[in-house]
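Residue-level listing of the chains:
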Amino acid sequence: MPKEEQVVWKPDSSNIYERFIEQYDEAISGEKELTAGDQDTRYALKLQQERLREKGVKMRYRITPRGFMADGKSLPKKWMDQHYVSEMAYYTSLWEREIETREGKTYRQKSKMTIYETKTDVIGGVNVEEEIYVCPGCGAPSKIKDLLNGCQYCGSKFQMSELYPTITSHYLVRDFSFTKDEMKKHLMKFMIGTGIGTFIFGIIIRAVKGMLLPLTVGGIISLLLISAFSGVVLGYFLSSYALIGSLVKQAGRTVPMMGAIGAGKRFEFFMKKYSPEFSYEYLTGKTVAMLKMILFAKDAQELPFYLGKPLGDRFQDLVDILFRGAMNFKGMKEQNGYLHVTVDVFLENAYVTDGKVRANKDEKLRVTLVKNLNMPIQYHFSIKKLECPTCHGSFDATKNKTCPYCGGTYRIEDADWAIEDIQVL
Ligand SMILES: [Zn+2]
Ligand SMILES: [Zn+2]
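What counts and what doesn't
- Residues numbered from 1 in each chain as written.
- Chains lettered and ligands numbered in written order.
- Predicted model: local features only at pLDDT ≥ 70, side-chain atom pairs only at ≥ 80, totals over all residues.
- Heavy atoms only, no water.
- Helix = DSSP H or I, 4+ residues; strand = E, 2+ residues; numbered from the N terminus.
- Expected span 1.5 Å × (residues − 1).
- Buried < 20%, exposed > 50% of the residue type's maximum accessible area, 1.4 Å probe, protein only.
- Contact = heavy atoms within 4.5 Å.
- Axes fitted to C-alpha atoms, helices over the stretch in contact; angles between N-to-C directions.
- Parallel < 35°, antiparallel > 145°, perpendicular 65-115°, else oblique.
- Nonpolar A, V, L, I, M, F, W, Y, C, P; charged D, E, K, R; others polar.
- Pairing = 2+ DSSP bridges.
- Donors = N, O, S within 2.8 Å, 3.2 Å for Na, K, Ca; no water.
- Tetrahedral: all angles 85-135°; square planar, octahedral: opposite > 155°, others 65-115°.
- Core = buried A, V, L, I, M, F, W, Y, C linked by side-chain atoms within 4.5 Å.
- Domains from an automatic or database assignment.
- Buried area = accessible area lost by both parts, 1.4 Å probe.
- Salt bridge = Lys/Arg side-chain N within 4 Å of Asp/Glu carboxyl O.
- Polar contact = N/O pair within 3.5 Å; in protein donor to acceptor, adjacent residues only side chain to side chain.
- 1 Å grid on protein atoms, 1.4 Å probe; cavity = no way out; pocket = protein on both sides within 12 Å on 5 of 7 lines; lining within 4 Å.
- Points joined across faces, edges and corners; volume = space filled by probe spheres on them.

*Asks:* Could you give an account of helix 5 (residues 180–209), with specific residues and numbers?
*Replies:* The end-to-end C-alpha distance of helix 5, which contains 30 residues, comes to 43 Å, matching closely the 44 Å that a straight helix rising 1.5 Å per residue would cover. Those residues of helix 5 not exposed but buried are E182, H186, M191, T194, G195, T198 and G202. In this structure, the buried side of helix 5 is in contact with strand 4 (106–122) and helix 6 (217–254). Downstream of helix 5 by one or two residues, G210 has phi in the positive range, about 70 degrees.

This is the structure we're talking about:
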């Protein structure tokens, strides 16, 4: 019998993608800071943690890279603005989630997932000392040169390597691939199970027929041989059927997302007309991050980038969101210099209602995004360091509805994407 395969993974701490995965497990339960993630990522996590606390739910993650891309693979695409360059990598992993309700009931799940991460870094040779960064110590927006010399608010000093690169978006998508070892394990499980099942069945049949006693060596050997034969042959067929069954089930869940195939290409084709630097990867990561904040916020309308109607209590029991990897492009409209884009986003959500956990709930949201077309793209935009259009002071837009320096008003959609409507389909 093969030894139970122990998944061991050692993160390379000089690699920001791996540092992020390592920190993420403990960050989600609030035990550790997610220093590898940017301020918006941490803010989304904070809103989720507040939701969990409010519902008395404890949630833990464990992500262990495994399979074909356990060492990570970079996507060949990069996208950049004046100062920053972003790229993506993914790791095939084993994902474990534990949800513990207020009543102390624990709900465990295990699945293969691919974790996608976007890394943003300063373009080599570009001086960003005058750029604004959110102080990792106290959260106040400051010039990078000030943070290098010591933050004027909290005094913490940073090195450039502590500020960049940083993970600016991430999401987990189910992975249906099997490695050779996993395939073998799956097969072995069925063969051994069927073999043992046949043996027990044989004993019972003999007992019922009154033929069990006396036990003869010949009788036992023949029963063992039959069991072994049945284990190998029948077990093989059963394991194949189980595999096909689970694939059919997954395919069924995937059918509604079929329209999203090639959406990225269609998207880019239309969007490049408006902005040649458009990145589908950026918009996807951004949309998922905004949705997380909106759906976990106590009052979504308090968020500067949510311009839609109140969501009521539709999402009040939501405790976790997984993006299913598909976003379908539904259309766009240009009006008075603003671009309105409608997409369908596929999510797999977990709810805790009256102590009952409902995980794996597939949901489709129709989301309309809006952005000012005349403003340059900022791929390192952050709601935590909004620049005032009037006095150019920087402030945290999650805490200030107007500029704290000059009192000026701002519209997030003049700086980056905002969400103006969400419909549950
Ligand atoms: Zn500070
Ligand atoms: Zn101002």
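*Asks:* How would you explain the packing of helix 1 (residues 16–28) against helix 2 (residues 39–54) if you had to name every residue and give the values?
*Replies:* At a minimum axis separation of 11 Å, helix 1 and helix 2 run at an interaxial angle of 25 degrees. Taken together, the axis directions place helix 1 and helix 2 in an arrangement best described as roughly parallel. Between helix 1 and helix 2, the contacting residues are F20, Y24, A27 and I28 on the first element and T41, L45, Q48, Q49 and L52 on the second. Residues of the contact of helix 1 with helix 2, tallied by class, amount to six nonpolar, three polar and no charged.

*Asks:* Before we move on, could you go through the sheet that holds strand 9 (residues 338–353) and cite the residues and values that matter?
*Replies:* Overall, antiparallel pairing links the four strands, which are arranged 8-9-10-13 in an open sheet. Two strands in the sheet have a free side with no partner beyond their single neighbour: strand 8 (318–335) and strand 13 (418–424). Each strand of the sheet is rotated relative to its neighbour by a mean of 25 degrees, with strand direction disregarded. Sheet contacts for helix 7 (residues 263–271): strand 8 and strand 9; angle to strand 8, the most-contacted strand, approximately 40 degrees. In this fold helix 8 (residues 280–296) packs onto strand 8, strand 9, strand 10 (356–372) and strand 13, with an angle of close to 120 degrees to the strand it touches most, strand 8.

*Asks:* Describe the coordination of the zinc ion (ligand 2), listing the residues and the values that go with them.
*Replies:* Around the zinc ion (ligand 2), the protein contributes the donor atoms C388 (SG), C391 (SG), C403 (SG) and C406 (SG), at 2.3 Å from the metal centre. Every donor counted, the four donor atoms about the zinc ion (ligand 2) form angles of 108 to 112 degrees at the centre, which fits tetrahedral coordination. For the zinc ion (ligand 2), the single-chain donor residues occur in sequence as C-x2-C-x11-C-x2-C. With a gap of twelve residues between them, C391 in the loop between strand 11 (386–387) and strand 12 (394–395) and C403 in the loop between strand 12 and strand 13 connect regions that are remote in the sequence.

*Asks:* Tell me about the coordination of the zinc ion (ligand 1), and please be specific about residues and values.
*Replies:* Coordination of the zinc ion (ligand 1) by the protein comes from C135 (SG), C138 (SG), C151 (SG) and C154 (SG), over a distance range of 2.3 to 2.4 Å. Relative to the metal, the four donor atoms surrounding the zinc ion (ligand 1) lie at angles of 105 to 113 degrees, and the coordination shape comes out tetrahedral. In the primary structure, the donors to the zinc ion (ligand 1) are separated according to the pattern C-x2-C-x12-C-x2-C.

*Asks:* Tell me about the nonpolar core, and please be specific about residues and values.
*Replies:* In this structure, F267, I294, L303, F305, I412, W417 and I419 are the most contacted members of the largest nonpolar core, which totals 59 residues. When residues of this core are assigned to their parent elements, the largest contribution, ten residues, is made by helix 8. Of the domains in this structure, domain 1 (16–174) and domain 3 (261–424) are the two that each give at least three residues to this core. For L303, the contacting residues outside a window of four places in its chain are Y43, L47, M293, I294 and A297. Membership of the second largest hydrophobic core comes to 29 residues, among which are L52, V57, W95 and I99.

*Asks:* An account of helix 2 is needed here, citing residue identities and associated values.
*Replies:* In a regular helix each residue adds 1.5 Å, so 16 residues correspond to 22 Å; helix 2 covers 22 Å between its end C-alpha atoms and thus fits that length. Extensive coverage of helix 2 is indicated by the burial of twelve of its 16 residues. Considering only its buried residues, helix 2 is in contact with helix 1, strand 1 (58–65), strand 5 (132–134), strand 7 (166–174), helix 8 and strand 8. One or two positions beyond helix 2, positive phi appears at G56, with a value near 65 degrees.

*Asks:* Requested: an account of the domain arrangement of the protein chain, with residues and values cited.
*Replies:* Domain boundaries in the protein chain define domain 1 (16–174), domain 2 (180–256) and domain 3 (261–424). Placing the centre of domain 1 and that of domain 3 at their C-alpha centroids yields a distance of 18 Å. With 44 residues of domain 1 at the interface, the matching set in domain 3 holds 44 residues. Note on domain 1 versus domain 3: buried area summed over both sides is about 3700 Å², and carbon and sulfur give 60% of it. Taken together, the connections running from domain 1 to domain 3 amount to five salt bridges. Salt-bridge contacts for R174 lead to E348; the nearest nitrogen and oxygen are separated by 2.6 Å. On the surface where domain 1 and domain 3 come into contact, there are 16 residue pairs in polar contact (both at pLDDT 80 or more). The set of elements that each furnish at least two residues to the side of domain 1 that touches domain 3 consists of helix 2, strand 1, strand 2 (73–80), strand 3 (84–100), strand 4, strand 5 and strand 7. Looking at which element gives the most residues to the side of domain 1 that touches domain 3, the answer is helix 2, with nine residues. Here the residues of the side of domain 1 that touches domain 3 sort into 24 nonpolar, ten polar and ten charged.

*Asks:* Which residues make up the pattern of salt bridges, and what values do they have?
*Replies:* Using the criterion set out here, one finds 28 salt bridges in the structure. With a shortest N-O distance of 3.8 Å, K112 and E182 are connected by a salt bridge. Placement of K112 in strand 4 and of E182 in helix 5 is noted, with a sequence separation of 70 residues between them. Each of the two residues, K112 as well as E182, counts as buried. Here the salt bridges share partners, and the residues they tie into one network are R60, E98, E100 and R108.

*Asks:* Describe in detail empty space enclosed by the protein, supporting the description with residues and values.
*Replies:* Taken as a whole and judged by the stated rule, the model has two cavities of 30 Å³ or more. Forming the walls of the largest cavity are 30 residues, and the residues nearest its centre are T41, T168, S169, G285 and A289. When residues of the lining of the largest cavity are traced back to their parent elements, those giving at least two are helix 2, strand 4, strand 7 and helix 8. Broken down by element, the residue count for the lining of the largest cavity peaks at nine residues, all from helix 8. By residue class, the composition of the lining of the largest cavity is 15 nonpolar, ten polar and five charged. Both of domain 1 (16–174) and domain 3 (261–424) provide at least three residues apiece to the lining of the largest cavity.

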